[in-house]
Amino acid sequence: LGEHGDALERLRIFVEHVADRLFLIAGCFIYAFDLSSLEKLYVLTVPADGEPDQIRTADHEILARWDYGRTFLAHHAEGMQVMMWSTSDGASRGHIRSKCEILCCDLS
């Protein structure tokens, strides 16, 4: 994890078998790996409510949901913004801001 090694406190692993991806969530970072080779493909940052200069690490857990093989979303627990990315390459698919804290979010 290199420069993000301090994010190991709340390490979680998710396998997205349809897209052949393994995701590692550590602090405010989401690492994507090829499931077969374990080659690192991309790293995303889930900033606090969309503000890159206010990154939370241990304060609030990152919650994530996947639309099998296509898209996934992530947000901080009790945050006010949901961010979406392409599962295959990590390209941004946009974000949604809320006027109140987000408790749960899903793709369908």
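Residues numbered from 1 in each chain as written. Predicted model: local features only at pLDDT ≥ 70, side-chain atom pairs only at ≥ 80, totals over all residues. Heavy atoms only, no water.

Colleague: What is the right way to read the pattern of salt bridges from this model?
Modeller: Where charged atoms from two side chains of opposite charge come close, those side chains can pair. Evaluated as defined, the whole model comprises three salt bridges. Residues R12 and E61 are paired through a salt bridge, measuring 3.3 Å at the closest nitrogen-oxygen approach. Here R12 is found in strand 1 (residues 12-16), whereas its partner E61 is found in the loop between strand 4 (40-45) and strand 5 (62-67), with 49 residues between them in sequence. Measuring nitrogen to oxygen at the nearest pair gives 2.9 Å for the salt bridge that ties R70 to D67. Using a relative accessible area of 22% as the deciding quantity, one classes D67 as partly exposed. (Salt bridge = Lys/Arg side-chain N within 4 Å of Asp/Glu carboxyl O. Helix = DSSP H or I, 4+ residues; strand = E, 2+ residues; numbered from the N terminus. Buried < 20%, exposed > 50% of the residue type's maximum accessible area, 1.4 Å probe, protein only.)

Colleague: What am I meant to see in the confidence of the model for the protein chain here?
Modeller: One rule of thumb: low pLDDT means the predicted coordinates there are not for detailed reading. Put simply, the protein chain has an average pLDDT of 81, and 76% of its residues get 70 or more. Note that pLDDT drops below 50 for residues 52-58; the model gives that stretch 15 contacts with residues more than four away or on any other chain. (pLDDT = per-residue confidence, 0-100. Contact = heavy atoms within 4.5 Å.)

Colleague: Help me out: how do you make sense of the sheet that holds strand 6 (residues 71-76) in this one?
Modeller: A sheet is described by the order of its strands in space; here four strands give the open sequence 5-6-7-8, paired in antiparallel fashion. Each of the sheet's edge strands pairs with one partner strand only, and the pair in question is strand 5 and strand 8 (92-97). Each adjacent strand pair in this sheet contributes to an overall mean axis angle of 20 degrees, direction not counted. In this sheet, strand 6 lies alongside strand 5 in antiparallel orientation, the contact comprising six bridges. Considered in strand 6, the bridge of L63 is made with H75. (Pairing = 2+ DSSP bridges. Axes fitted to C-alpha atoms, helices over the stretch in contact; angles between N-to-C directions.)

Colleague: So what exactly am I meant to see when it comes to the packing of aromatic side chains here?
Modeller: As enumerated under the stated definition, the model contains six aromatic pairs in all. Measuring from centroid to centroid gives 5.0 Å for F23 and W66, while their planes differ by 45 degrees, and the two rings are tilted. Residue F23 is located in strand 2 (residues 21-26), and its partner W66 is located in strand 5; the two are separated by 43 residues in the primary sequence. By relative accessible area, W66 is classed as buried at 16%. Taking the centre distance of 6.4 Å and the plane angle of 50 degrees together, the rings of F29 and Y31 count as tilted. You'll find F29 and Y31 in the same group, each marked buried. An aromatic cluster is present here, built from F14, F23, W66, F72 and W85 joined pairwise through their rings. (Phe/Tyr/Trp six-rings, centres within 6.5 Å; stacked < 30°, edge-to-face > 60°.)

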